[in-house]
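Chain and residue survey
Below, each chain spelled out in residue letters.
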Amino acid sequence: MGRIVNLDGTLVAPEQAVVSVFDRGFLYGDSVYEVVRTYRGVLFELPAHLDRLAESARRIALELPWPVPRLAAESKRTVNASGNPESYLRIVVTRGEGELGLDPALARGGRVVLIAQPLTTPPPEAYRSGVTLALVGAEATGRHLREAIDPAAKTGNHLNAVLAMKAARERGAYEALLVDAQGRVTEASSANVFAVRRGELATPPLGAGILEGVTRRVVLALAQQIGIPAAEAELWPDDLCRADEVFITSTTRELVPVTHLARGEKDTVTIGSGRPGPVTLRLLEAFRARAIAEVAAARTLGA
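An account of the accompanying structure is given in this report. Because the structure is predicted, anything quoted here is derived from the model rather than measured.

**With respect to the overall build of the chain**
- In terms of helices and strands, the chain carries nine helices and 15 strands.
- Dimensions of the chain, computed from C-alpha atoms along their principal axes, come out at roughly 55 × 50 × 30 Å.
- Considering the chain as a whole, with its 303 residues, one finds that 50% of them fall into the buried category.
- The long-range fraction of contacts in the chain, counting pairs at least 24 apart against all pairs at least 6 apart in sequence, stands at 72%.

Spelled out as structure tokens, the structure:
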């Protein structure tokens, strides 16, 4: 049980997983990636994650070294080899190594790295009491402009999110809230954002310049199934402050309630009652039930 690496199809111990310093993923962030988690040892929504990986690669003109069926098979093989009860799997595809220079034509083939390790989830207290988001300064840590770097591509270019998380943690917050150049809410540094207003669910549209989260998509579908009105809508920080409930979604964290928004060094707003709300908790319960049902079906089919 522990961490194992699949390096271009070969399973190796972490200390043996060596990538050239001339790899473009290391030099330029010239790569795409996905994170998938397991439930009861089965990778959840793996096809959706691999479809998004392929789409990310297409958007940056990176040719995947393996077809999607092989990526799926190697993902399962890597997780199974780890021996973990539950695993976090990171799939990274780089443009490969080559001579120094920005020209993608210098790359000599792609590289695939899969890392499986024990799954770490937020502490129970995060779900019981909620967490704090910090609105970070857009001058250095706001969301990339859609016209500059396509936010629909999940790439290794993550510096804005790194700086946003640093700023949030320095202010004692759990996550950073990113806004666009006009000050509209986009997403958290590594999660999508939802607000509940008068029983209705809202989340920024993809056109706001966000990544379409797999968990986000599942939550929107679940809301429809259980009768919670849901729609994409433009949101501003004031909308979150006035919301009845706010939560964030991501692969490893599912739905995490947000009970406070730190707008400045000395300006922290309590959201709703200051406790996780009923819509959030209902959706979290439905999400977990959906995950268990899906992996049970996968086991039945021998996936």
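Further notes follow.
**Observations regarding unusual backbone geometry**
- One non-glycine residue, glutamate 45, lies in positive phi territory at about 55°.
- With respect to the helices and strands, glutamate 45 occurs in the loop between strand 4 (42-43) and helix 2 (46-59).
- Under the relative-accessibility criterion, glutamate 45 is labelled buried at 12%.
- Positive phi, normally seen in glycine, also occurs at glutamate 254, with a value near 60°.
- Along the polypeptide, glutamate 254 turns up in strand 14 (residues 254-264).
- For glutamate 254, a relative accessible area of 4% gives the class buried.

**Let's talk about the nonpolar core**
- Of all hydrophobic cores here, the largest spans 45 residues; its most connected members are Leu201, Leu240, Ile248 and Leu283.
- The element contributing the most residues to this core is helix 9 (residues 278-300), with eight residues.
- If we ignore the near neighbours within four places in the chain, the residues touching leucine 283 are Leu201, Val219, Leu222, Ala223, Ile226, Ile228, Phe247 and Leu255.
- With 20 residues, the next largest nonpolar core counts Ile4, Val32, Val36 and Leu53 among its residues.

**A closer look at a nonpolar patch on the surface**
- Taken together, Val21, Phe22, Phe26, Leu27, Tyr28, Leu100 and Leu102 make up a surface patch of nonpolar side chains, about 720 Å² in accessible area.
- By secondary structure assignment, the location of tyrosine 28 is in helix 1 (residues 24-28).

**A few points about the side chain of threonine 251**
- Residue position: threonine 251 is located in the loop between strand 13 (245-250) and strand 14.
- Filtering out sequence-adjacent residues up to four positions away, threonine 251 remains in contact with Val35, Val36, Arg37, His49 and Thr215.

**Some remarks on the sheet that holds strand 5 (residues 87-94)**
- With respect to topology, six strands assemble into an open sheet ordered 2-1-6-5-3-4, the strand pairing being antiparallel. What marks the edges here is a single partner per strand, and that holds for strand 2 (10-12) and strand 4.
- Relative to strand 5, strand 3 (residues 31-39) is paired through seven bridges, and the arrangement is antiparallel. Its bridge partner being in strand 5, glutamate 34 is matched across the sheet by isoleucine 91.
- Across the face of the sheet, helix 2 comes into contact with strand 3, strand 4 and strand 5 while running at roughly 175° to strand 3.
- The strands touched by helix 9 are strand 3 and strand 4; relative to strand 3, the strand with the most contacts, the crossing angle is about 90°.

**Some points on the packing of aromatic side chains**
- In this structure the tally under the stated criterion is three aromatic pairs.
- With centroids separated by 5.3 Å and ring planes inclined at 80°, the aromatic side chains of tyrosine 39 and phenylalanine 44 adopt a geometry described as edge-to-face. For the pair tyrosine 39 and phenylalanine 44, one class covers both residues: buried.
- Aromatic side chains phenylalanine 44 and phenylalanine 287 sit 5.6 Å apart centroid to centroid with 80° between the ring planes, which places their arrangement in the edge-to-face category. In this pair, phenylalanine 44 sits in the loop between strand 4 and helix 2 while phenylalanine 287 sits in helix 9, placing the two residues 243 residues apart along the sequence. This pair shows no difference in class: phenylalanine 44 is buried, exactly as phenylalanine 287 is.
- Grouped by ring-pair contacts, the aromatic residues Tyr39, Phe44 and Phe287 constitute a single cluster.

**Observations concerning helix 2**
- End to end, helix 2 covers 20 Å across 14 residues, agreeing with the expected 20 Å (1.5 Å per residue, within 8%).
- Along helix 2, the residues classified as buried are Leu46, Ala48, His49, Leu50, Arg52, Leu53, Ser56 and Ala57.
- Packed against the buried residues of helix 2 are strand 3, strand 4, helix 3 (68-82), strand 5 and helix 7 (214-225).
- Of the residues flanking the end of helix 2, it is alanine 61, one or two places downstream, whose phi is positive at about 55°.

**Focus: the pattern of salt bridges**
- Throughout the structure, instances matching the rule amount to 25 salt bridges.
- Residue arginine 242 is joined to aspartate 239 by a salt bridge in which the shortest nitrogen-to-oxygen separation is 3.4 Å. With arginine 242 and aspartate 239 both in helix 8 (residues 237-242) and three residues apart, the pair spans about one turn of that helix.
- Accessibility expressed as a relative area gives 61% for arginine 242, which makes it exposed.
- A relative accessible area of 15% means that aspartate 239 is categorised as buried.
- Within the structure, one salt-bridge network assembled from shared partners comprises Asp8, Asp23, Glu97, Arg108 and Arg111.

What counts, and at which threshold
Residues numbered from 1 in each chain as written. Predicted model: local features only at pLDDT ≥ 70, side-chain atom pairs only at ≥ 80, totals over all residues. Heavy atoms only, no water. Helix = DSSP H or I, 4+ residues; strand = E, 2+ residues; numbered from the N terminus. Buried < 20%, exposed > 50% of the residue type's maximum accessible area, 1.4 Å probe, protein only. Contact = heavy atoms within 4.5 Å. Core = buried A, V, L, I, M, F, W, Y, C linked by side-chain atoms within 4.5 Å. Patch = residues over 30% accessible without salt bridge, like charges linked within 9 Å, V, L, I, M, F, W, Y side chains within 5 Å. Areas by Shrake-Rupley, 256 points an atom, 1.4 Å probe, with all protein chains shown as cover. Salt bridge = Lys/Arg side-chain N within 4 Å of Asp/Glu carboxyl O. Pairing = 2+ DSSP bridges. Axes fitted to C-alpha atoms, helices over the stretch in contact; angles between N-to-C directions. Phe/Tyr/Trp six-rings, centres within 6.5 Å; stacked < 30°, edge-to-face > 60°. Expected span 1.5 Å × (residues − 1).

In short, the description is geometric, and any link to function would need to be established separately.
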